[in-house]
Amino acid sequence: MHGNQPLGIAVIGTGRMGADHVRRIDRVISGARVAAVADTDAERANAVAAGIDGCTAHTDPAAAMAVAGVDAVLIASPGPAHEAALLAAFELDLPVLCEKPLTPDAASALRVVEAEQALGHRRIQVGFMRRYDTEYVRLKALLGTGQLGRPLMLHNRHRNVASSPFFTSSMLITDSVSHEVDVTRWLLGHEITAVTVLAPDSSAGAPDGLRDPQFVVLETDGGALSDVEIFVNCGFGYQVQAEVVCERGTARVGDGHHLVTHTAGRWGGTITQDWTERFAQAYDDELRAWVDTTRRGGVDGPSAWDGYAAAAVCEAGVRALQEGCRVPVELAEKPALYR
Ligand SMILES: NC(=O)c1ccc[n+]([C@@H]2O[C@H](COP(=O)([O-])OP(=O)(O)OC[C@H]3O[C@@H](n4cnc5c(N)ncnc54)[C@H](O)[C@@H]3O)[C@@H](O)[C@H]2O)c1
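Notes on the structure in this doc start here. Worth saying up front: this structure is predicted, and the values here are computed from it rather than measured.

## Remarks on the site of the ligand
In the vicinity of the ligand there are 25 residues, among which Met17, Asp39, Arg44, Lys100 and Tyr283 approach most closely. In the environment of the ligand, an oxygen atom lies 2.5 Å from a nitrogen or oxygen atom belonging to the side chain of Asp39. Note that a nitrogen atom of the ligand is positioned 3.3 Å from one of the side-chain N or O atoms of Thr40. Considered on its own, the ligand offers 860 Å² of accessible surface; in the complex 78% of this is hidden by protein.

## Notes on the packing of aromatic side chains
Summed over the entire model, instances satisfying the criterion amount to four aromatic pairs. Each ring, one from Trp305 and one from Tyr308, has its centre 5.0 Å from the other, and the planes form 55°; the classification is tilted. With Trp305 and Tyr308 both in helix α10 (residues 304-323) and three residues apart, this pair spans about one turn of that helix. Taking relative accessible area as the criterion, Trp305 reaches 2% and is therefore assigned buried. Above the ring of Phe279, the side-chain terminus of Arg278 is found at 4.3 Å from the ring centroid.

## Things to note about the packing of helix α1 (residues 16-28) against helix α9 (residues 280-295)
The N-to-C vectors of α1 and α9 enclose an angle of 65°; their axes lie 11 Å apart at closest approach. With respect to their mutual orientation, α1 and α9 come out roughly perpendicular. At the point where α1 passes α9, the crossing takes the right-handed sense. Contact residues: Met17, His21, Arg24, Ile25 and Val28 in α1; Tyr283, Asp284, Glu286, Leu287 and Arg288 in α9. Of the residues contributing to the contact of α1 with α9, the split by class is five nonpolar, one polar and four charged.

## Let's talk about helix α5 (residues 106-119)
Every α-helix winds through 3.6 residues per turn, so residues three or four apart in the chain are directed the same way. Here α5 contains 14 residues, and its C-alpha end-to-end distance of 20 Å stays within 8% of the 20 Å for a straight helix at 1.5 Å per residue. Those residues of α5 that fall on the buried side of the exposure criterion are Ala106, Ser108, Ala109, Val112, Val113 and Glu116. The buried residues of α5 all sit within an arc of 170° when viewed along its axis, so they share a single face. Buried positions along α5 lie against α4 (82-91), β6 (124-127) and α10. One side-chain oxygen of the residue at the start of α5 lies 3.2 Å from the amide nitrogen of Ala107, identifying that residue as Asp105. Directly beyond the C-terminal end of α5, a positive phi value near 95° is found at Gly120.

## Things to note about the layout of surface pockets
Space inside the second largest pocket adds up to approximately 620 Å³. Looking at the second largest pocket, it is lined by 25 residues, and the ones nearest its centre are Asp255, Gly256, His257, His258 and Thr270. Of all elements in the fold, only α6 (134-145), β11 (239-246), β14 (266-268), α8 (275-278) and α9 reach the threshold of two or more residues within the lining of the second largest pocket. For the lining of the second largest pocket, the element with the most residues is β11, which contributes three residues. When grouped by side-chain class, the residues that make up the lining of the second largest pocket number seven nonpolar, 13 polar and five charged.

## Side note on the sheet that holds strand β15 (residues 327-328)
Sheets are built from strands paired through backbone hydrogen bonds, the pairs being either parallel or antiparallel. The sheet built from seven strands is open, its strands ordered β12-β11-β7-β10-β9-β8-β15 with mixed pairing. The outermost strands of the open sheet, each flanked by one partner alone, are β12 (249-253) and β15. Of the pairings in the sheet, the one linking strand β8 (residues 192-198) to β15 comprises two bridges and is antiparallel in character. Residue pairing across strands places Val195 opposite Val327, the latter belonging to β15. The strands that α6 touches are β11 and β12; relative to β11, the one it contacts most, it runs at about 5°.

About the criteria used
Residues numbered from 1 in each chain as written. Predicted model: local features only at pLDDT ≥ 70, side-chain atom pairs only at ≥ 80, totals over all residues. Heavy atoms only, no water. Near = heavy atom within 4 Å. Polar contact = N/O pair within 3.5 Å; in protein donor to acceptor, adjacent residues only side chain to side chain. Areas by Shrake-Rupley, 256 points an atom, 1.4 Å probe, with all protein chains shown as cover. Phe/Tyr/Trp six-rings, centres within 6.5 Å; stacked < 30°, edge-to-face > 60°. Helix = DSSP H or I, 4+ residues; strand = E, 2+ residues; numbered from the N terminus. Buried < 20%, exposed > 50% of the residue type's maximum accessible area, 1.4 Å probe, protein only. Lys NZ or Arg CZ within 6 Å of the ring centre and 35° of its normal. Axes fitted to C-alpha atoms, helices over the stretch in contact; angles between N-to-C directions. Parallel < 35°, antiparallel > 145°, perpendicular 65-115°, else oblique. Left-handed = near helix turned anticlockwise from the far one by under 90°. Contact = heavy atoms within 4.5 Å. Nonpolar A, V, L, I, M, F, W, Y, C, P; charged D, E, K, R; others polar. Expected span 1.5 Å × (residues − 1). Arc of directions from axis to C-beta. 1 Å grid on protein atoms, 1.4 Å probe; cavity = no way out; pocket = protein on both sides within 12 Å on 5 of 7 lines; lining within 4 Å. Points joined across faces, edges and corners; volume = space filled by probe spheres on them. Pairing = 2+ DSSP bridges.

Honestly, it's all geometry; don't read function into it.
Here it is in structure tokens:
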């Protein structure tokens, strides 16, 4: 990158999230441009690149990263493709915003952490965008004042209208609860030490064989408990709520009371229908912060270690679901790079 030039970004994966990030870079935030895109589906890559001046389309992520004028990489391909893309970005020592999950399992996430350590400096920000949501930011700031005392319990609710046809019972944990795993670690500043998963009878609205809803209990090394109701076929809306119970009070986000109407003998509002709507501001601010920090030569936000810890907790969660028991989380020793 030179002087005041916009940050040239290669976007890897131009599906739902990737195309939305391309739109955001192109039309919402300043200081960046989409220099190249890559998708194994050439038609999709071409269609996304077609609307953008000077953007080239590729099927090979490494080719997109090697285009002249690429200063940074945004990875929005499916989780299993992240490790290869991250290692390709490391080859060129490029800063990366990697959509969650860092990788789908703890072993591959630890390989990425080790490869970043070998580079000798942080390059990765993981896309845990709730850390940029205005309500969560306020909640974190309030906890930081100590006004409410020590946090003892965190109650989370995470509901989707309907799950994708390929969703499995384990994916409720690895794809959805992974956000609450990060929120718990970030809000409380604790590591998660054990996971228990309980499941009531599945909802009639869930596809056959899917354990939905589930109730996840996370224990932390700071002596707090965090529980998560995950219900991905609730039918009525996309809801994400969190309430922290502290020694001297409680604080809660996600009620969604932006506009309340009173008419015809009733009062109420609307419920968001998906994450692109509920977290629009968070995605914008996440990308804005990443671009600004990267242009200054820095790295900030959720780290590869946060991505690894989330992967390890989710892996324990999947075992807890499958084996019906409490599963301790075994983390590697935290390297100095992330302390
Ligand atoms: N932060 C969030 O709230 C949030 C929300 C949804 C999805 N995600 C994450 O974003 C990522 C993408 O999810 P999505 O919903 O956009 O999926 P998607 O299936 O809509 O898009 C993925 C795209 O990647 C392409 N692809 C597949 N393998 C590839 C490879 N090796 N290299 C390049 N492109 C490849 C596919 O052709 C597809 O176009 C996932 O990691 C997902 O977990 C994050």
